[in-house]
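A closer look at the structure
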Amino acid sequence: MNYYFSKSELGFYCDEVNKAIPTDAVEISEDVYFSLLEGQSAGKVIAADKAGNPVLVEPTEPTVEELMARAEETRSMLMKEANARVTPLQDADELGIATGEEVAELIRWKRYRVMLNRLDISAAPSIEWPELPA
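Attention here is on the structure that accompanies the text. (Residues numbered from 1 in each chain as written. Predicted model: local features only at pLDDT ≥ 70, side-chain atom pairs only at ≥ 80, totals over all residues. Heavy atoms only, no water.)

Thoughts on the overall build of the protein
The line we're drawing: A run of H or I in DSSP becomes a helix once it reaches four residues, and a run of E becomes a strand once it reaches two; helices and strands are each numbered from the N terminus. The quantity called the radius of gyration is restricted to C-alpha atoms. Its globule counterpart is 2.2 Å times the number of residues to the power 0.38. Three labels apply to residues, based on accessible area from a 1.4 Å probe with only protein chains included: buried if under 20% of the type maximum, exposed if over 50%, partly exposed otherwise in between. Whether two residues touch is decided by their heavy atoms; if any such pair falls within 4.5 Å, the residues are in contact. Method for areas: the Shrake-Rupley scheme with a 1.4 Å probe, in which residue coverage is limited to the protein chains shown. For this count, His and the chain ends are skipped, Lys and Arg are scored as positive, and Asp and Glu as negative. For the purpose of locating charges, the reference atoms are NZ of Lys, CZ of Arg, CG of Asp and CD of Glu.
Secondary structure summary: the protein contains 3 helices and 5 strands in total. Secondary structure elements of the protein, listed N to C terminal, follow the sequence β-β-β-α-β-β-α-α. Expected size for 134 residues packed as a compact globule is a radius of gyration near 14 Å; at 25 Å, the protein overshoots this value by more than 25%. Each principal axis of the C-alpha distribution contributes one length, and for the protein these read about 70 × 35 × 25 Å. Within the protein, the proportion of its 134 residues that are buried is 25%. In the protein, the share of contacts with a sequence separation of at least 24, taken over all contacts with a separation of at least 6, comes to 40%. Per element, the accessible surface of the protein, about 9,300 Å² overall, is 52% carbon and sulfur. Here the protein holds 13 positive side-chain charges and 25 negative ones, and the gap between their average locations is 8 Å.

Considering helix 1 (residues 30-41)
For the α-helix, the turn length of 3.6 residues means that residues three or four positions removed from each other point alike. Stated precisely, the cut-off is as follows: How far a helix is expected to stretch is found by multiplying one less than its residue total by 1.5 Å. The directions from the helix axis to the C-beta atoms are what the arc is built from.
Given a rise of 1.5 Å per residue, 12 residues ought to cover 16 Å, and the 17 Å separating the end C-alpha atoms of helix 1 matches this to within 8%. Tyr33, Leu36 and Gly39 are the residues of helix 1 that are buried. Relative to the axis of helix 1, the buried residues are bounded by an arc of 130° and lie together on one face. In helix 1, the exposed positions angled more than 90 degrees off the buried face are occupied by Asp31, Glu38 and Ser41.

Description of the side chain of Ser6
Its location among the elements puts Ser6 in strand 1 (residues 3-6). If sequence neighbours within four positions are ignored, Ser6 has contacts with Gly11, Tyr13, Pro22, Asp24 and Ala25.

A short note on the environment of Tyr33
Following the sequence through the fold, Tyr33 ends up in helix 1. Taking the C-alpha atoms as reference points, Tyr33 and Ile97, separated by 64 residues in sequence, lie 62 Å from one another. Aside from chain neighbours lying at most four places away, what touches Tyr33 is Tyr3, Phe12 and Ile28.

Quick look at the sheet that holds strand 1
Rules: Two strands qualify as a pair provided DSSP detects at least 2 bridges between them. Here, axes are lines fitted to C-alpha atoms. For helices the fit covers the stretch in contact, and angles between N-to-C directions go from 0 to 180 degrees.
Across the sheet, which stays open at both edges, the 3 strands sit in the order 2-1-3 with antiparallel pairing between neighbours. Taken across any chain shown, the strands that pair with only one partner, and hence form the sheet edges, are strand 2 (11-14) and strand 3 (26-28). Between one strand axis and the next, the sheet turns by 35° as a mean value, whatever way the strands run. The pairing of strand 1 with strand 3 spans 3 bridges and is antiparallel.

A word on the environment of Tyr4
Following the sequence through the fold, Tyr4 ends up in strand 1. The exposure class assigned to Tyr4 is buried, which follows from its relative accessible area of 17%. As for Tyr4 and Glu27, which are separated by 23 residues in sequence, their C-alpha atoms are 4.3 Å apart. Sequence-distant contacts of Tyr4, defined by excluding residues within four places in its chain, comprise Gly11, Phe12, Tyr13, Asp15, Ile21, Ala25, Val26, Glu27 and Ile28.

Here is the structure:
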């Protein structure tokens, strides 16, 4: 079994598994292959050197824009969850059939949504996320 690494794809190939191997792929030993995977699992990133050989490098620090995008994704996910919690509680409240606990829970979730909406995403990664309602 032969292992290959493609600089253009930043991927590994094996001649027993892959029918098509990119033309820029370089052959690597099994030891190198497993060493790279081990390094990746320890937090390193697999990249290619100028010759196209795979190397382990330290991960790059995310840019401010990337941090803000991640924070916005997190906020969207949390807001989606909050909306899913609020909807049935609000229905019960509007229909006049909400229990006292449901009304209290509705208020907690609405407060949480407001706090999420007020977050300054440009402060990423130093955002103080509101605590999920209990």
